[in-house]
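Residues per chain are reported as follows:
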Amino acid sequence: MRIGILGAGGIAHKMAETVGGMEEAEVYAVASRSLEKAEDFAKQYQIPKAYGSYREMAADPSVDLVYVATPHSHHYEHVKLCLEHGRHVLCEKAFMINSSQAKEAVRMAREKKLLLAEAIWTRYMPSRTIIREAVESGIIGGVTSLTANLGYVIKHKERLAKSELGGGALLDLGVYPINFALMVFGEDYRDVSAQAVLSDQGVDLQNSITLGWADGRMAVLHSNMQALTDRRGIIHGDKGYLVVENINNCEALSAYDLDRKLLRRYGIPKQISGYEYEVEACRRAIENGAVECEEMPLAHSVAVMELLDRIREILGIHYDCED
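As the structure is a prediction and not an experimental result, all values here were calculated from the model. (Residues numbered from 1 in each chain as written. Predicted model: local features only at pLDDT ≥ 70, side-chain atom pairs only at ≥ 80, totals over all residues. Heavy atoms only, no water.)

## Overview of the overall build of the protein chain
Consideration 1: Assigned secondary structure in the protein chain consists of 10 helices and 14 strands.
Consideration 2: In terms of overall dimensions, the protein chain is globule-like: its C-alpha atoms have a radius of gyration of 20 Å, near the 20 Å expected for 323 residues.
Consideration 3: Counting only residues that meet the buried cut, the protein chain has 55% of its 323 residues in that class.
Consideration 4: When contacts within the protein chain are restricted to residue pairs at least 6 apart in sequence, long-range pairs at least 24 apart make up 66% of them.
Consideration 5: As displayed, the protein chain offers around 13,900 Å² of accessible surface, 46% of which is attributable to carbon and sulfur atoms. (Helix = DSSP H or I, 4+ residues; strand = E, 2+ residues; numbered from the N terminus. Rg over C-alpha atoms; globule rule 2.2 N^0.38 Å. Buried < 20%, exposed > 50% of the residue type's maximum accessible area, 1.4 Å probe, protein only. Contact = heavy atoms within 4.5 Å. Areas by Shrake-Rupley, 256 points an atom, 1.4 Å probe, with all protein chains shown as cover.)

This is the structure we're talking about:
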């Protein structure tokens with residue numbers, strides 16, 4: 001499978017490095033708004049094609065899948081561009097700026113019978129199944145709550161500081177605790193509450209979100225772009241608890257009993273970076289003629305965007321790029 005990378009920022013480098021270690025995929029092209037930047041990127045990773053415009057790469061029929069690696073604020077525009085040119089698309093998280101954009105992108109992909117997938121890597125990783133099976137095994141008994149957090153000192157980064165770029169902790173970091181909760185407890189949450197500290201640009205520096213399910217289960221979630229957090233996810237049961245080290249890319253999973261004594265450590269498979277799983281999922285889907293990946297159905301991507309919209313409404317966050 002020949003991949004075209006749209007955007008040449010930090011996350012694009014990580015994808016290029018990852019695909020370089022895969023057998024059934026290769027980075028065939030890279031596009032940037034600067035031809036010089038694209039050529040430098042291509043030279044670094046021995047990529048055959050470099051384009052100084054996104055449209056040129058989208059029009060290249062040799063590209064099987066475009067990986068959109070631009071800021072959230074530009075996902076909708078760039079996904080549409082690729083779909084209009086008949087390209088399958090893997091789009092970085094957050095999927096779009098809002099659910100209206102997400103629904104239109106999904107409609108367009110289905111109409112054109114093209115694959116569209118959200119690159120929320122935790123949904124594709126083997127650790128997702130390992131965590132689910134640990135919960136379902138009953139090792140910690142009946143589960144009633146979970147907590148999850150993700151935080152880095154990154155508020156100085158332009159794409160996070162600016163409202164016109166869809167900045168803030170919520171879309172960049174908050175999607176991980178949210179997806180963690182939905183993977184463990186399911187998509188059928190009932191109640192949502194949230195608080196945040198906003199910057200003078202009107203984006204959230206940190207937030208706290210609580211989701212509630214009809215049966216009483218609760219998820220308490222936190223993301224923060226002005227402090228480092230432990231990145232843990234903890235699932236609480238009446239016989240013990242499970243600790244996930246790094247919800248952003250699970251490094252270890254351990255079960256403890258009611259005396260907080262270790263019951264079991266679960267093995268986590270070695271990986272290139274973790275990005276390979278979403279790429280492989282897209283390859284399989286395209287090969288099978290599917291328009292979405294079973295690991296992250298488009299309905300789930302839209303549902304997460306609807307939840308993010310609901311949280312932003314509670315917090316009073318409106319992005320300038322939505323005007």
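## Thoughts on the nonpolar core
Consideration 1: In terms of nonpolar packing, the biggest core is built from 115 residues, with I5, L211 and I235 touching the most fellow members.
Consideration 2: For this core, the element with the most residues is helix α8 (residues 169-185), which contributes 12 residues. (Core = buried A, V, L, I, M, F, W, Y, C linked by side-chain atoms within 4.5 Å.)

## Details of the environment of T70
Consideration 1: Position of T70 relative to the elements: it lies in the loop between β4 (65-68) and α4 (72-84).
Consideration 2: Among the residues examined, T70 registers a relative accessible area of 10% and is labelled buried.
Consideration 3: Through-space distance from the C-alpha of T70 to that of E84 is 18 Å; in sequence the pair is 14 residues apart.
Consideration 4: Ignoring sequence-local partners within four residues, the contact set of T70 consists of L6, G7, Y54, H75 and H78.
Consideration 5: Of the polar contacts made by the side chain of T70, one reaches the side chain of H78; its length is 3.0 Å. (Polar contact = N/O pair within 3.5 Å; in protein donor to acceptor, adjacent residues only side chain to side chain.)

## Here we look at unusual backbone geometry
Consideration 1: A cis geometry characterises the amide bond from K93 onward to A94, with omega recorded as -15 degrees.
Consideration 2: The phi dihedral of Q46 is positive, around 55 degrees, even though this residue is not glycine.
Consideration 3: Secondary-structure assignment places Q46 in the loop between α2 (35-45) and β3 (49-51).
Consideration 4: The phi torsion at N246 lies on the positive side, around 75 degrees, for a residue other than glycine.

## Topic: the packing of helix α5 (residues 99-112) against helix α10 (residues 298-315)
Each pair of packed helices gets described by two things: the angle between the helix axes and the distance between those axes.
Consideration 1: Here α5 crosses α10 at 165 degrees, and the two axes come no closer than 8 Å. By the criterion of interaxial angle, the relationship of α5 to α10 is roughly antiparallel. Considering how the two elements wind past one another, α5 and α10 form a crossing that is left-handed. Here S99, A102, K103, V106 and R110 of α5 lie close against α10, whose contacting residues are L298, V302, M305, E306 and D309.
Consideration 2: Residues belonging to the contact of α5 with α10 are distributed by class as follows: five nonpolar, one polar and four charged. (Axes fitted to C-alpha atoms, helices over the stretch in contact; angles between N-to-C directions. Parallel < 35°, antiparallel > 145°, perpendicular 65-115°, else oblique. Left-handed = near helix turned anticlockwise from the far one by under 90°. Nonpolar A, V, L, I, M, F, W, Y, C, P; charged D, E, K, R; others polar.)

## Some details on the packing of α4 against α5
Consideration 1: Running from N to C, α4 and α5 cross one another at 10 degrees; their axes reach a closest spacing of 10 Å. Considering the angle they form, α4 stands roughly parallel to α5. Together, Y76, V79, K80, L83 and E84 of α4 and Q101, E104, A105, M108, A109 and K112 of α5 make up the contact between the two elements.
Consideration 2: Here the residues of the contact of α4 with α5 sort into six nonpolar, one polar and four charged.

## Brief notes about the sheet that holds strand β10 (residues 218-224)
Consideration 1: Pairing is mixed across the open sheet formed by eight strands, whose spatial order is β8-β9-β10-β7-β11-β12-β13-β14. For this open sheet the edge positions go to β8 (191-198) and β14 (262-266), each flanked by a neighbour on one side alone. With strand direction ignored, the average angle separating the axes of adjacent strands in the sheet is 10 degrees.
Consideration 2: When strand β11 (residues 233-237) meets strand β12 (residues 240-245), the two strands line up antiparallel, connected through four bridges. Within the sheet, the bridge partner assigned to H236 lies in β12 and is Y241. (Pairing = 2+ DSSP bridges.)

## Considerations on the pairing of strand β1 (residues 2-6)
Consideration 1: Across the five residues that make up β1, a large majority, four, are buried.
Consideration 2: Relative to strand β2 (residues 26-31), β1 runs parallel, the two sharing five bridges. Residue I3 lies in a different strand from β2, and its bridge partner there is V27.
Consideration 3: One crossover worth recording links β1 to the parallel β2 by way of helix α1 (residues 10-19), and it is right-handed.
Consideration 4: Bridge count for β1 against β4 is four bridges, and the pairing is parallel. If you follow I5 over to β4, its bridge partner there is Y67. (Right-handed = clockwise from strand over helix to strand, strands pointing away.)

The quantities given are spatial measurements derived from coordinates; they are silent on function.
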